[in-house]
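The residues making up each chain are set out below.
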Amino acid sequence: MVHYVAHRGAVRSNAPVRGRHNMKTKPQLKTYKNFVNNDWTASKKTREVVNPFNGTTIAMVAESSRKDVDDAVAAAREAFDRGPWRESTAQQRGRILFAMADLVRKHAAMLAELETLNCGKPIVESEFDMSDTASCFEYYGGLATKIHGETLPVPDNALNMTLREPVGVAGLIVPWNYPLMLAAWKLGPALAAGCTVVLKPAEQTPLTTLEFARLVQENIRELPPGVLNVVTGDGPVAGRAIVESMKVDKVAFTGGTETGRAILKGVADSNLKKVSLELGGKSPNIFFSDADLDAATDGALFGVFINQGEVCSAGSRILIQQDVFKKLVARMKETLPRIRLGDPLNRETKMGPLVSKDHLQKVESYIEIGRKEAKLIAGGRRPSSNQLKNGYFIEPTIFESGNNSRIAREEIFGPVVTCIPFKNEDDALEIANDTPYGLAAAVWSRDIFRCLRMVKRLRAGIVWVNTMQPCYVESPWGGYKQSGHGRELSLHGIEEFLETKQVHINLSEQPIGWY
Ligand code: NAD
């Protein structure tokens, strides 16, 4: 067992810890409770958290029951309905978000290391995530004071205006691929808007979110109890309890499309709370023959293999114009060994393990399907190195197939890509849009007219030209079709946490005079 606190000195306080480090015996595993009403509350059951690099248990967390979640929701409800948060000014909320950004920046090294230990992504990528997490809090800290209503020129002797108000108690449900960063994408706008929250990280990767809650508890005294609550546990129990709660006003969810479907059903059967969904994708990365070959090779590989391919917007279908198909695929294969698999804490590592054993098995099962229905170009095995044998590693894998194979249609969410040839612009568009998803797309060409025609006709929420994957807090993120509802980040992101109230003030002192 690895006790990361003892081994790495990552955590200074024992506030959320039940099991303490005892020097006489072997180090006890750190056990986290739920963070509810500014306190740490135990649940009856616990769950192991595993380091995917070596399969060891690194911490224990609460396995929340429906009752545990209901308690957290009750705290958030009370804080929203009656607590001082209700009277907080936008300036105060903004300052709290700036303080959160400062905490993340100050503790970025510890949080990045913990993120890597817990989800397996290379440390350099975790460091970027922490910087983006802080930027997100800063953006919404600044935005808090810029949210306002409008006055409307109604045809009457009246003053008509809108007020922007927080939607209420928000349930924030987060996946495992960018744990703290995706929590910030929801928490930033929710708090800026004046909501209170119950935040549930993914069962596999709760540690940075819990450490963030600890940092907030210890350092941001201005945040009233019950505004930020964190519960951990299984999706179908703890997540579902948030979704079905009659006291939650909104669910902001990021995760798989099938889970999104279950959430809509849960919402329909409870209180019709508002929902935003950031779901899966099968995004096309499209290369015309005039694209620069070096940039294309780099962009094709980066577009899908960053973060082990565990990226919602991964360019997992690489569409290549016929006349350069063989050349580009050969260059990708030639370059593949540069994606160095290894200990994700090593700064030279370019690809870490997948998040869990279950996920590794899922990705391998798709590789098996691919071997039968498509042509394997490279990869497809677990690495042979002894150092990696206990980790959930799989080689970056390239297939060639048509767009109708299962590996070209279903989201694999790992380092597996399908290369698909196309003839011309219309053909590329038809293949690109022939998917139930619509999260992202990228087009590579030196012909700007062609690029712009493609941009207009691609059915996706994000379209990149001559690049793939940059993501900015200033710009909206979200999908068309079955990739989701609503948008995160930017000004659009805060809309998801606001209600609009129309206020009409009659300025005439005469009776209506109808009867
Ligand atoms: P998942 O849907 O299995 O789980 C996501 C979260 O939902 C977890 O916290 C989980 O506990 C919870 N959950 C599971 N079942 C639930 C239920 N019935 N009710 C309520 N909550 C439930 O997804 P995952 O495997 O963690 O993440 C991978 C998926 O997330 C991929 O499909 C990926 O494309 C998607 N994703 C999308 C975006 C985006 O911005 N569109 C970003 C990252 C990941």
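> How should the overall build of the protein be read in this particular structure?
Within the protein, the regular secondary structure consists of 16 helices and 22 strands. Rg of the C-alpha trace for the protein: 24 Å, near the compact-globule value of 24 Å for 515 residues, within the 12% margin. Across its three principal directions, the C-alpha atoms of the protein cover 80 × 75 × 40 Å. Counting only residues that meet the buried cut, the protein has 57% of its 515 residues in that class. For the protein, the exposed surface amounts to about 22,400 Å²; the carbon and sulfur share of it is 51%.

> Sorry, what's going on with the sheet that holds strand β6 (residues 158-166) here?
Across a sheet, paired strands are connected by hydrogen bonds in the backbone, their directions being either parallel or antiparallel. An order of β5-β6-β22 is seen for the 3 strands of this open sheet, with the pairing classed as antiparallel. The sheet terminates laterally at β5 (151-152) and β22 (498-506), the two strands that pair on one side only. Both β6 and β22 contribute to a ladder of 9 bridges, which runs antiparallel. Paired with Leu159 across the bridge in β22 is Ile505.

> I tried to follow the nonpolar core on my own but got confused; where do I start?
In globular proteins that are soluble, nonpolar side chains generally tend to be buried together. Counting residues in hydrophobic clusters, the biggest one holds 102 residues, and the most contacted among them are Met100, Tyr140 and Leu228. When residues of this core are assigned to their parent elements, the largest contribution, 11 residues, is made by helix α6 (residues 179-193). The residues contacting Met100, other than those within four sequence positions of it, are Phe137, Leu191, Phe212, Val216, Ile220 and Leu223. The next biggest cluster of nonpolar side chains, apart from the first, holds 23 residues, and it includes Ala76, Ala241, Val251 and Val267.

> Explain the site of the ligand to me, please; I cannot follow it from the model alone.
In the vicinity of the ligand, 28 residues are found, and the nearest of them are Val174, Glu203, Thr259, Leu279 and Glu411. For the ligand, an oxygen atom lies 2.7 Å from a polar atom in the backbone of Val174. Calculation on the ligand without its partners gives an accessible area of 850 Å², and the protein chains cover 89% of this total. If you list the elements that add at least two residues to the shell around the ligand, you get α8 (235-244) and β10 (250-254).

> How should I be thinking about the pattern of salt bridges in this particular structure?
Opposite charge on two side chains allows them to pair when their charged atoms are near. Going through the model one piece at a time under the given rule, you end up with 32 salt bridges. Two residues, Arg66 and Glu244, come together in a salt bridge whose shortest N-O distance is 2.8 Å. Note that Arg66 is positioned in helix α2 (residues 66-81) and Glu244 in helix α8, a separation of 178 residues in sequence. A relative accessible area of 37% places Arg66 in the partly exposed class. With relative accessibility at 23%, the residue Glu244 sits in the partly exposed group. Residues Glu495 and Arg164 are paired through a salt bridge, measuring 2.9 Å at the closest nitrogen-oxygen approach. One end of the pair, Glu495, is in helix α16 (residues 490-495); the other, Arg164, is in strand β6, and 331 residues separate them in sequence. Classification of Arg164 as partly exposed rests on a relative accessible area of 22%. Sharing partners across several salt bridges, the network here consists of Lys30, Glu211, Arg214 and Glu218.

> Got a minute to help me understand the pairing of strand β7 (residues 169-173) in this structure?
Looking along a regular strand, one sees side chains alternate from face to face of the sheet. Judged by how many residues are buried, β7 sits mostly within the fold: 5 of 5 residues are covered. Burial along β7 is two-sided: the residues Val169, Gly171 and Ile173 and Ala170 and Leu172 are all buried. Note that β7 and strand β8 (residues 196-200) share 5 bridges and pair parallel. By the bridge assignment, Leu172 is partnered in β8 with Leu199. Handedness of the β7-α6-β8 crossover: right-handed. As paired strands, β7 and β10 are joined by 4 bridges and run parallel to one another.

> Honestly, unusual backbone geometry in this entry has me stumped. Any pointers?
The phi dihedral of Asn37 is positive, around 55°, even though this residue is not glycine. As for its position among the elements, Asn37 is in the loop between β1 (34-36) and β2 (39-41). Judged by relative accessible area, Asn37 falls into the partly exposed class, the value being 42%. One non-glycine residue, Leu489, adopts positive backbone phi at about 65°. With respect to the helices and strands, the residue Leu489 is situated in the loop between β21 (484-485) and α16.

> Would you mind going over the confidence of the model for the protein with me for this structure?
Interpreting fine coordinate detail is not advised for predicted regions of low pLDDT. For the protein, per-residue confidence averages 95 on the pLDDT scale, and residues scoring 70 or more make up 95% of the total. Under a pLDDT of 50 for its full length, residues 1-23 has, in the predicted model, 60 contacts with residues more than four places off or in other chains.

> Would you explain helix α15 (residues 448-457) in this entry?
Think of an α-helix as 3.6 residues a turn; residues three or four steps apart then line up on the same face. If you check which residues of α15 are buried, you get Arg450, Cys451 and Met454. Taken end-on, α15 shows its buried residues confined to a sector of 100°, consistent with a single buried face. With respect to the buried face of α15, the exposed residues turned more than 90 degrees away are Phe449 and Lys456. Turning to α15, the residues buried within the fold contact β12 (284-287), α14 (425-433), β18 (440-444) and β19 (462-465). The N-cap of α15, judged by a side-chain oxygen 3.0 Å from the amide nitrogen of Phe449 a few residues on, is Asp447.

> Looking at this structure, how should I read the pairing of strand β3 (residues 45-51)?
In terms of strand pairing, β3 meets strand β4 (residues 56-63) through 7 bridges, oriented antiparallel. If you follow Lys45 over to β4, its bridge partner there is Glu63. The turn joining β3 and β4, which pair antiparallel and follow one another in sequence, is formed by 4 residues; a positive phi near 75° is taken by Gly55.

> Before we go on, may I ask you to explain the packing of helix α4 (residues 108-119) against helix α5 (residues 123-143) in this structure?
Packed helices, taken two at a time, are described by their axes: the angle between them and the distance between them. Two elements in contact, α4 and α5, have axes whose closest approach is 8 Å; the angle formed by their N-to-C orientations is 130°. The orientation of α4 relative to α5 falls into the category oblique. Both α4 and α5 take part in a crossing whose hand is right-handed. Judged by residue contacts, Ala108, Leu111, Ala112, Glu113, Glu115 and Thr116 of α4 engage Ile123, Ser126, Glu127 and Met130 from α5.

> When you look at the sheet that holds strand β15 (residues 397-400) in this model, what are you seeing that I'm missing?
In spatial order, the strands read β14-β15-β16-β13-β12-β18-β19; together these 7 strands make up an open sheet with mixed pairing. Among the strands making up the open sheet, the edge pair consists of β14 (375-378) and β19. Recorded for the sheet is a direction-independent mean angle of 25° between the axes of neighbouring strands. Bridge count for β15 against strand β16 (residues 416-422) is 4 bridges, and the pairing is parallel. Within the sheet, the bridge partner assigned to Phe399 lies in β16 and is Thr418. Sheet strands touched by α15: β12, β18 and β19. Its angle to β19, the strand with the most contacts, is close to 170°.

Calculation rules
- Residues numbered from 1 in each chain as written.
- Predicted model: local features only at pLDDT ≥ 70, side-chain atom pairs only at ≥ 80, totals over all residues.
- Heavy atoms only, no water.
- Helix = DSSP H or I, 4+ residues; strand = E, 2+ residues; numbered from the N terminus.
- Rg over C-alpha atoms; globule rule 2.2 N^0.38 Å.
- Buried < 20%, exposed > 50% of the residue type's maximum accessible area, 1.4 Å probe, protein only.
- Areas by Shrake-Rupley, 256 points an atom, 1.4 Å probe, with all protein chains shown as cover.
- Pairing = 2+ DSSP bridges.
- Core = buried A, V, L, I, M, F, W, Y, C linked by side-chain atoms within 4.5 Å.
- Contact = heavy atoms within 4.5 Å.
- Near = heavy atom within 4 Å.
- Polar contact = N/O pair within 3.5 Å; in protein donor to acceptor, adjacent residues only side chain to side chain.
- Salt bridge = Lys/Arg side-chain N within 4 Å of Asp/Glu carboxyl O.
- Right-handed = clockwise from strand over helix to strand, strands pointing away.
- pLDDT = per-residue confidence, 0-100.
- Arc of directions from axis to C-beta.
- Axes fitted to C-alpha atoms, helices over the stretch in contact; angles between N-to-C directions.
- Parallel < 35°, antiparallel > 145°, perpendicular 65-115°, else oblique.
- Left-handed = near helix turned anticlockwise from the far one by under 90°.

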